[in-house]
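Overview (structure and organization)
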Amino acid sequence: MNYCIRTTNVGKEYLVGKEKRKALKEISLDFKKGEIIVILGPSGSGKTTLLNVLSGIDKVTEGTIYYEEKNISTFSERQMTKFRKKYISIIFQKYNLLENLNVYQNILMGKGKEKGKSEINEIMDLLELKDKRRYQIKQLSGGEQQRVAIARAILKKPKVLFCDEPTGSLDERMGKKILKYLVMINEKENITIIIVTHNPGIALIGDKIILMKEGTIYSEKTTKIRMNPEIIPWG
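A few points on the structure.

In this section: the overall build of the protein. Secondary structure assignment for the protein yields six helices and 10 strands. For the protein, the C-alpha radius of gyration of 18 Å lies close to 18 Å, the compact-globule estimate for 235 residues. A principal-axis box enclosing the C-alpha atoms of the protein has dimensions of 50 × 40 × 40 Å. Within the span of the protein, comprising 235 residues, buried residues form 51% of the whole. Taking the intrachain contacts of the protein between residues at least 6 apart in sequence as the baseline, contacts between residues at least 24 apart amount to 71%.

Below, the structure is given as structure tokens:
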């Protein structure tokens, strides 16, 4: 099976006071293994809600989400926690690093039982963090902190890596550098990467571009060639 994720007629409702509001409406998508997917949309378009239901942080109100043959829409909270731990990693705009731990210790937080020091060192080399291993988090720049968050997320070699505005708090130079690392990881590990962003330039690094508006898919486009992150327009 070539598909990593499939959704059919996914909807999500929230109760706001006594009123029900639909954050997602009839979302049907197919994501192939190893793709980079970029989800674009203004604030309130539903892109973060879509990330939350795809990653299992939140449950759908209707419809189905399949990871290969697994219908995660039917999972209990316990099943979903176990599934996320094994298959999924998430990188947030806020790095969620522990300031009382150094770089190496923060990365270790993403370690599965089977991971050894050689794999951790390999990832630190890949993300140019080896010389920072004993640094405290407050000694790092924003871009370095984001690289630590990425290293922690990919250490368990997830099948799918979700990125919620991964460059939102970075300047153009560092933002493009982070995107370069994400593309490198995708190509090296064949990890499916789903990026949620408001920056249309980032869409050019993807294999698939999804535009959202008012909780629906406004357009969906497959690209023939990815653009090098270093030359994309910014903002």
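We are not done yet, so read on.
All right, on to the sheet that holds strand 10 (residues 216-222) then. Here we have six strands laid out as an open sheet, ordered 6-7-8-3-9-10, and mixed in their pairing. A strand with exactly one partner marks an edge of an open sheet, and here the two such strands are strand 6 (88-91) and strand 10. On average, each strand axis in the sheet is tilted by 15° relative to the strand beside it, whichever way the strands run. Bridge count for strand 6 against strand 7 (residues 160-164) is four bridges, and the pairing is parallel. Across the sheet, the residue bridging to isoleucine 90 is phenylalanine 162, located in strand 7. Sheet contacts for helix 6 (residues 172-189): strand 3 (36-40), strand 6, strand 7 and strand 8 (192-197); angle to strand 8, the most-contacted strand, approximately 155°.

Once that is clear, we can look at empty space enclosed by the protein. Taken as a whole and judged by the stated rule, the model has two cavities of 30 Å³ or more. Empty space within the largest cavity amounts to approximately 70 Å³. In terms of lining residues, the largest cavity is bounded by Cys4, Tyr67, Glu68, Glu69, Lys70, Phe83, Tyr87, Lys159 and Val160. Each residue belonging to the lining of the largest cavity can be placed in one class, and the counts come to five nonpolar, no polar and four charged.

Further remarks concern the packing of helix 5 (residues 142-154) against helix 6. Contact geometry for helix 5 and helix 6: axes closest at 10 Å, N-to-C directions at 15°. For the element pair helix 5 / helix 6, the angle class is roughly parallel. Every pair of crossing elements has a handedness; the one defined by helix 5 and helix 6 is right-handed. Contact residues: helix 5 offers Gly143, Gln146, Arg147, Ile150 and Ile154, while helix 6 offers Met174, Ile178, Tyr181, Leu182 and Ile185. Its residues placed into classes, the contact of helix 5 with helix 6 shows seven nonpolar, two polar and one charged.

Our next topic: the sheet that holds strand 1 (residues 3-16). The four strands lie next to each other as 2-1-4-5, forming an open sheet whose pairing is antiparallel. Every interior strand has two partners, whereas the edge strands, strand 2 (19-32) and strand 5 (70-71), have only one. Pairing analysis gives 10 bridges linking strand 1 to strand 2, with the strands arranged antiparallel. Looking at strand 2, one finds that threonine 7 is bridged to leucine 29. Seen against the sheet, helix 1 (residues 47-54) touches strand 1, strand 2 and strand 4 (62-67) and runs at an angle of roughly 65° to strand 2.

Looking at chain direction, strand 9 (residues 208-213) and strand 10 are connected through six bridges and run antiparallel. Residue pairing for strand 10: lysine 208 is matched across the bridge by threonine 222. The turn linking strand 9 back onto strand 10 is made up of two residues, and glutamate 214 within it adopts a positive phi angle of 50°.

Enumeration according to the criterion identifies 16 salt bridges in this entry. Lysine 132 is the partner of glutamate 144 in a salt bridge, and the nearest nitrogen-oxygen pair spans 3.3 Å. Here glutamate 144 is found in helix 5, whereas its partner lysine 132 is found in the loop between helix 4 (117-126) and helix 5, with 12 residues between them in sequence. One exposure class covers both glutamate 144 and lysine 132, and it is buried. The partner of glutamate 189 in a salt bridge is lysine 188, and the shortest N-O contact between them spans 3.5 Å.

About the cut-offs
Residues numbered from 1 in each chain as written. Predicted model: local features only at pLDDT ≥ 70, side-chain atom pairs only at ≥ 80, totals over all residues. Heavy atoms only, no water. Helix = DSSP H or I, 4+ residues; strand = E, 2+ residues; numbered from the N terminus. Rg over C-alpha atoms; globule rule 2.2 N^0.38 Å. Buried < 20%, exposed > 50% of the residue type's maximum accessible area, 1.4 Å probe, protein only. Contact = heavy atoms within 4.5 Å. Pairing = 2+ DSSP bridges. Axes fitted to C-alpha atoms, helices over the stretch in contact; angles between N-to-C directions. 1 Å grid on protein atoms, 1.4 Å probe; cavity = no way out; pocket = protein on both sides within 12 Å on 5 of 7 lines; lining within 4 Å. Points joined across faces, edges and corners; volume = space filled by probe spheres on them. Nonpolar A, V, L, I, M, F, W, Y, C, P; charged D, E, K, R; others polar. Parallel < 35°, antiparallel > 145°, perpendicular 65-115°, else oblique. Left-handed = near helix turned anticlockwise from the far one by under 90°. Salt bridge = Lys/Arg side-chain N within 4 Å of Asp/Glu carboxyl O.

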